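Summary of the model geometry
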Amino acid sequence: MTDFDVIVVGSGMSGGWVAKELCEKGFKVAVIERGKAISPTEDYTDFIDPWDMEHLNRKTDQDREDYPIQSTVYAFQSYTKQFWVKDKEHPYETAEGTDFGWLRGYHEGGRSIMWGRQSYRMSEIDFEANKKDGHGVDWPVRYDDIAPWYDYVEKFAGISGSTEGLEILPDGVFQPPHDLTCAEIDFKAKLEENFPGRTLIPGRVANLTEPTQEQMELGRGKCMARNHCFQGCSFGAYFSSNSATLPAARRTGNMTFIPERAVHKVIMDEETGRASGVETVDINSGEKSLITARVVFLNAGTIPSTMILLNSATEDAPNGLANSSGQLGRNLMDHHSGARGSAILPGNLDKHTFGRRPNGFYIPRFRNHTEEAEGFVRGFGYQGGATRTRWWTSMGKKGVGEDFKAEGREPGPWRISMVAFGEVLPNEKNHVRLHETKTDEWGFPVPVLDVAWGENETNMVRQAIRDTRAMLEAAGGIDIQTDDPETAMPATPGRGIHEMGTARMGRDPKTSVLNEWNQSWDVPNLFITDGSFMTSGGCQNPSLTYMAFSARAAHHAAELMNEGKL
Ligand SMILES: Cc1cc2nc3c(=O)[nH]c(=O)nc-3n(C[C@H](O)[C@H](O)[C@H](O)COP(=O)(O)OP(=O)(O)OC[C@H]3O[C@@H](n4cnc5c(N)ncnc54)[C@H](O)[C@@H]3O)c2cc1C
Ligand code: SF4
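Keep in mind that this is a model prediction, so the values were computed, not measured.

**Regarding the environment of Pro202**
- Take Pro202: it is sitting in strand β6 (residues 201-202).
- Assessed through its relative accessible area of 9%, Pro202 is described here as buried.
- Remark: the alpha-carbon pair of Pro202 and His178, spanning 24 residues in sequence, is separated by 6.4 Å.
- If near-sequence neighbours (up to four positions away) are discounted, Pro202 is found in contact with Ser162, Glu164, Pro177, His178, Leu180, Gly360, Phe361 and Tyr362.

**What to know about the site of ligand 1**
- Around ligand 1 lies a shell of 38 residues, among which Ser14, Glu33, Arg111, Gly116 and Gln118 are the nearest.
- With respect to ligand 1, the backbone of His107 contributes an N or O atom lying 3.0 Å from an oxygen atom.
- Contact between ligand 1 and Ala300: an oxygen atom at 3.4 Å from a main-chain N or O atom of the residue.
- Secondary structure elements with two or more residues in the shell around ligand 1: α1 (13-24), β8 (261-269), α9 (302-310) and α13 (543-562).
- The element contributing the most residues to the shell around ligand 1 is β8, with 3 residues.
- Residue composition of the shell around ligand 1, by class: 17 nonpolar, 15 polar and 6 charged.

**Some remarks on the pairing of strand β13 (residues 380-388)**
- The buried count for β13 comes to 8 of 9 residues, which makes it a mostly enclosed element.
- Note that strand β12 (residues 361-363) and β13 share 3 bridges and pair antiparallel. For Tyr362, the partnering residue across the bridge sits in β13 and is Gln383.
- Across 9 bridges, the pairing between β13 and strand β14 (residues 414-423) is antiparallel. When the bridges of β14 are listed, Gly381 appears paired with Phe421.

Reading guide: rules and limits
Residues numbered from 1 in each chain as written. Chains lettered and ligands numbered in written order. Predicted model: local features only at pLDDT ≥ 70, side-chain atom pairs only at ≥ 80, totals over all residues. Heavy atoms only, no water. Helix = DSSP H or I, 4+ residues; strand = E, 2+ residues; numbered from the N terminus. Buried < 20%, exposed > 50% of the residue type's maximum accessible area, 1.4 Å probe, protein only. Contact = heavy atoms within 4.5 Å. Near = heavy atom within 4 Å. Polar contact = N/O pair within 3.5 Å; in protein donor to acceptor, adjacent residues only side chain to side chain. Nonpolar A, V, L, I, M, F, W, Y, C, P; charged D, E, K, R; others polar. Pairing = 2+ DSSP bridges.

And the structure:
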């Protein structure tokens, strides 16, 4: 007899989905979360404005000292710092000559509270890429296998977007899109006129623009377009585990939520060769305890789930549990994001926006799709926005007096900003391992990240900068700002905040950790559905894909449990 049917480790983007699906199917599920429980009324700060904060919400020297890595990300602000780990308490190392910016939050809901909500499907082109160009291993699934699950999660999560009929970026089940601004509409026209095959569309985001009955029954409301999302959303208007999947799991009465308990190991039953449960450590007292279940799902995030398995080595699995392929910890990917550009777009000075759209535009991948590229395989897509600048940025002036203030009330011209997110190739050399001697304060070995981007990524970033300049010039952009395309380098690994790939799925147990159902080849009652399963990364923001695979894997596990196979 086990304590639960299923253990889900981690309550973030992917763990929330597994919990919901399995609770709704009647299984008793323990969600074990190392961070604290989140109360929207106490922990969200979306009704606090900068002027309500000490230092007008600016980071303090103490913030920079306590959060030297986390405080460098745009979403870290004085009123959001409760959602980020204190770097000193959660140390990691990087191999000599490498760097990695690991950005994370440990609390109920994980990074689904802080995410940018950009939600794009991967396409058949992405699922075939490894097989076609020989990098990594072939995905064991194709677009048609996962398409119904994209439909399924989009309908529940609520994704706003426009239907475009693009092969490279399949359409989904969308709520109405956010409008493009007038400057974006002009830019789109110039782009499509000058570069046939390229297009610009409204960003697809997990913000409710037309909530369904199902969403309203969960207490979720329509997005008010205040753009305070990184502070949490009191309306539950953007998708997070906290607003959507965990409440759905909770209302079944089948979920036991266990906060402030870190999972350190998966425990094996040597007789059956199956996982029997997990070893947990109380974050406050340090006390260890075992929790047992028929099935274990790891959803602690790509790097933490991998660390748990590496730390679960046994005599039979000396290099880490579920690692007979030797691929666990390897092929660590992200999206590289070094190609940025901005320019003033002339005209439209009589127009302004209403509200604060929590979104922007997207330019789907065109390189190595509609247009060939030399020097690299795969491609990149752009996220951006064109908005009226504020007086203080457009004028950069200092001063006092009535005239100065009157001038300051006028908005500046329209400025467009965009950044390319590019695909990183799976590469066995890029890996995470456990430090041989150093541990954190709870006795867990510190991870060592050994990751460096190669020539493919560098050549891609430089092309993305050249393309940015060309598109801004064709639109009549003034004051065009980009890095030098001859010398620019991809952003530091980790800075895309899309870690993936360290327990990849595949067709062959000798070269992959998971089968097509996110199920360990070695330990049949162990599933992993955070980003570690990704066999390649595409260039699309990945969380929607984690959701779809999580729901699919949960349904498969449920079938196996019902058939008595697990
Ligand atoms: C600022 C920002 C912007 C982003 N924007 C986007 C975007 O626009 N689109 C997109 O697709 N993605 C975006 N992302 C990435 C997205 O947030 C992640 O892809 C997603 O949250 C990963 O889901 P997950 O379930 O793997 O991990 P997480 O959501 O990080 O959840 C992991 C959970 O596991 C818990 N945990 C960790 N270790 C243990 C342990 N040992 N025991 C128990 N619990 C543990 C953590 O506390 C956490 O709650 C963004 C992220 C950030 C930070
Ligand atoms: S912009 Fe919309 S989703 Fe974001 S915090 Fe405001 S109401 Fe919530």
